[in-house]
Amino acid sequence: MISRQGSGYFVREHQPVIWHASRPERNVQTSVLPADAWSHCVREQGRTPEEKIRIVVGVPNARIAAALQLKPGEEVVGRLRERYVDGVLSTLADSYYPESLVRDSPIMLPYDVQPGVYAILASRGAGFTRNRDEIITRMPNREEANRLKLGPGTPIAEHLRVSFTPSNRPVRLLLSILPGDKVTIAYESFAT
């Protein structure tokens, strides 16, 4: 329930999108944009995905540098995305790559990458074969709450995914902010 001063209490609309985070992140369909795994999940649920992408290049903060095992002063390319579901901002999803790895590639452009980031990295000898995920649940900071239009008391999940090549080289860090009232994270695992 949410309250509006002078209007009473209302039931918050609750139709979270399910993000199947364990699905492979390889574009399999290039006839529709955006074509990433997240967008496929949104479409499968009869909803409409959209992304707004901004590119930044520079020396990252200590957390990003450590995750990507960068040397001091080494730069990254950041693809900072706002992800929308049915026209409503749903998720903040920022991907970071070593600048030396993606220099002069489509990854540096503020558009949906075709045939996909994985294919571009693979063509440069850096296709990733495994991910390490960390999920932290916390309350949003003021900027996150304002951007995502979160009601009081709405928690977020901060999802950090580092992608590695077969030789254990980290080539991408994905940092997503997922509002608890807009996104459900689903994982599938197999018994061994």
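Attention here is on the structure that accompanies the text. (Residues numbered from 1 in each chain as written. Predicted model: local features only at pLDDT ≥ 70, side-chain atom pairs only at ≥ 80, totals over all residues. Heavy atoms only, no water.)

### Digging into the overall build of the chain
Tallying secondary structure elements over the chain gives 5 helices and 10 strands in all. For the chain, long-range pairs separated by at least 24 residues make up 58% of all intrachain contacts whose partners lie at least 6 apart in sequence. A total of about 10600 Å² of accessible surface is found on the chain, and carbon and sulfur atoms cover 52% of it. (Helix = DSSP H or I, 4+ residues; strand = E, 2+ residues; numbered from the N terminus. Contact = heavy atoms within 4.5 Å. Areas by Shrake-Rupley, 256 points an atom, 1.4 Å probe, with all protein chains shown as cover.)

### Side note on the packing of aromatic side chains
Describing an aromatic ring pair means giving the distance of the ring centres and the angle of the ring planes. Applying the stated criterion to the full structure yields 1 aromatic pair. Measuring from centroid to centroid gives 5.2 Å for Tyr118 and Phe128, while their planes differ by 85°, and the two rings are edge-to-face. Taken as a pair, Tyr118 in helix H4 (residues 117-123) and Phe128 in the loop between H4 and strand E7 (130-138) lie far apart in primary sequence, 10 residues in all. Taking relative accessible area as the criterion, Phe128 reaches 5% and is therefore assigned buried. Lying across the ring of Phe164, Arg130 places its NZ or CZ 4.1 Å from the centre. (Phe/Tyr/Trp six-rings, centres within 6.5 Å; stacked < 30°, edge-to-face > 60°. Buried < 20%, exposed > 50% of the residue type's maximum accessible area, 1.4 Å probe, protein only. Lys NZ or Arg CZ within 6 Å of the ring centre and 35° of its normal.)

### Re helix H1 (residues 37-44)
When you tally the buried positions in H1, you get 6 out of 8 residues, the bulk of the element. What H1 keeps buried is the set Ala37, Trp38, Ser39, His40, Cys41 and Val42. Against strand E3 (17-20), strand E4 (49-58), strand E5 (76-85) and strand E6 (88-98) lie the buried residues of H1. Following H1 by one or two positions, Gly46 has its phi on the positive side, about 75°.

### A few points about the pattern of salt bridges
Proximity of charged atoms lets side chains of opposite charge pair with each other. Taken as a whole and assessed by the stated rule, the structure comprises 11 salt bridges. Between Glu158 and Arg63 there is a salt bridge, with its nearest N and O atoms 3.0 Å apart. Of this pair, Glu158 sits in strand E8 (residues 156-164) while Arg63 sits in helix H2 (residues 62-67), and the two are 95 residues apart along the sequence. Since its relative accessible area comes to 9%, Glu158 is described here as buried. Given the relative accessible area of 37%, Arg63 is considered partly exposed. Connected via shared salt-bridge partners are Arg63, Arg138, Glu144 and Glu158. (Salt bridge = Lys/Arg side-chain N within 4 Å of Asp/Glu carboxyl O.)

### Quick word on the side chain of Glu51
Locating Glu51 in the fold gives a position in strand E4. Aside from chain neighbours lying at most four places away, what touches Glu51 is Pro34, Asp36, Trp38, Arg81, Glu82, Arg83 and Asp112.

### Quick notes on the environment of Ser90
As for its placement among the helices and strands, Ser90 is situated in strand E6. With a relative accessible area of 3%, Ser90 lands in the buried category. Through-space distance from the C-alpha of Ser90 to that of Ile177 is 9.0 Å; in sequence the pair is 87 residues apart. Look past the residues within four positions of Ser90 in its chain and what remains in contact with it is Val17, Arg83, Tyr84, Val85, Leu148, Ile177, Pro179, Lys182 and Val183. A polar side-chain atom of Ser90 sits 3.3 Å from a polar atom in the side chain of Thr91. (Polar contact = N/O pair within 3.5 Å; in protein donor to acceptor, adjacent residues only side chain to side chain.)

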